[in-house]
Amino acid sequence: TGVVDEDIKVGAHVRLIRGKTGIIRYVGNVGNVDELVGIELDSWTHNGHDGKGYFRCAIGRGYFTKRTNIIGTISSTEKSTQEQLQVRRFRNIRKLRKKLRNISIVEQQAKNG
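What counts and how
- Residues numbered from 1 in each chain as written.
- Predicted model: local features only at pLDDT ≥ 70, side-chain atom pairs only at ≥ 80, totals over all residues.
- Heavy atoms only, no water.
- Helix = DSSP H or I, 4+ residues; strand = E, 2+ residues; numbered from the N terminus.
- Rg over C-alpha atoms; globule rule 2.2 N^0.38 Å.
- Contact = heavy atoms within 4.5 Å.
- Lys, Arg positive; Asp, Glu negative; His and termini not counted.
- Charge placed at Lys NZ, Arg CZ, Asp CG, Glu CD.
- Patch = residues over 30% accessible without salt bridge, like charges linked within 9 Å, V, L, I, M, F, W, Y side chains within 5 Å.
- Areas by Shrake-Rupley, 256 points an atom, 1.4 Å probe, with all protein chains shown as cover.
- Salt bridge = Lys/Arg side-chain N within 4 Å of Asp/Glu carboxyl O.
- Buried < 20%, exposed > 50% of the residue type's maximum accessible area, 1.4 Å probe, protein only.
- Core = buried A, V, L, I, M, F, W, Y, C linked by side-chain atoms within 4.5 Å.

Assigned secondary structure in the protein consists of one helix and five strands. Mapped from its N terminus to its C terminus, the protein presents α and β elements in the order β-β-β-β-β-α. Over its C-alpha trace the protein gives a radius of gyration of 20 Å, far above what one expects of a compact globule, namely 13 Å for 113 residues. In terms of overall dimensions, the protein has a C-alpha envelope of 70 × 30 × 20 Å along the principal axes. Sequence separation of 24 or more characterises 44% of the internal contacts of the protein that already satisfy a separation of 6 or more. Measuring between centres, the 21 positive side-chain charges of the protein sit 13 Å from its 11 negative side-chain charges.

Take a look at the structure:
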């Protein structure tokens with residue numbers, strides 16, 4: 001099921017058909033295509049971009065899609081699953097980096113005697 005046209009506007013937080021989520025940053029013509037929706041994704045993707053001049057976002061977070069690929073809106077109080085996963089990944093990476101620093105310090109101390 002799709003969303004109503006009134007829901008597809010700049011600033012809306014949306015969910016796409018394949019699970020991606022993000023905030024609409026642009027709605028309009030892109031090149032020879034009559035209408036695409038530019039979305040700043042909640043998380044990085046390998047085929048993302050930086051908005052390609054139609055909107056601005058971090059590299060890897062820009063994404064264009066057709067209106068029909070938007071399956072729902074996300075309320076401002078509801079955090080998307082993808083956003084929650086991104087936060088958990090970031091925290092886990094920080095913990096791992098700290099552990100690696102500690103291991104490096106212990107190895108250096110052992111090496112120096």
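Attention shifts here to a positive patch on the surface. A surface patch of positive charge is lined by Arg91, Arg94, Lys95 and Lys99. Checked against the element boundaries, Arg91 lands in helix α1 (residues 81–112).

Attention now moves to the side chain of His49. Within the fold, His49 resides in the loop between β3 (33–41) and β4 (62–65). For His49, a relative accessible area of 12% puts it in the buried group. Setting aside its immediate chain neighbours within four residues, His49 contacts Phe55, Cys57, Ala58, Ile59, Gly60, Arg61, Gly62, Tyr63 and Phe64.

On to unusual backbone geometry, then. Phi at Lys52 takes a positive value of approximately 50 degrees, unusual for a residue other than glycine. On the basis of relative accessibility, which here comes to 56%, the residue Lys52 falls in the exposed class.

Counting residues in hydrophobic clusters, the biggest one holds ten residues: Val3, Ile8, Ala12, Val14, Leu16, Ile24, Val37, Ile39, Leu41 and Ile70. Of all the secondary structure elements, the ones that give two or more residues to this core are β1 (13–16) and β3. Take this core: its biggest share by element is three residues, from β3. Those residues in contact with Ile39 that lie beyond four places of it in its chain are Val14, Leu16, Gly22, Ile23, Ile24, Arg25, Phe55, Arg61, Gly62, Tyr63 and Thr65. Tyr26, Val30, Phe55 and Phe64 belong to the second-largest nonpolar core, a separate cluster that totals six residues.

Interpretation in functional terms is not warranted from these geometric data alone.
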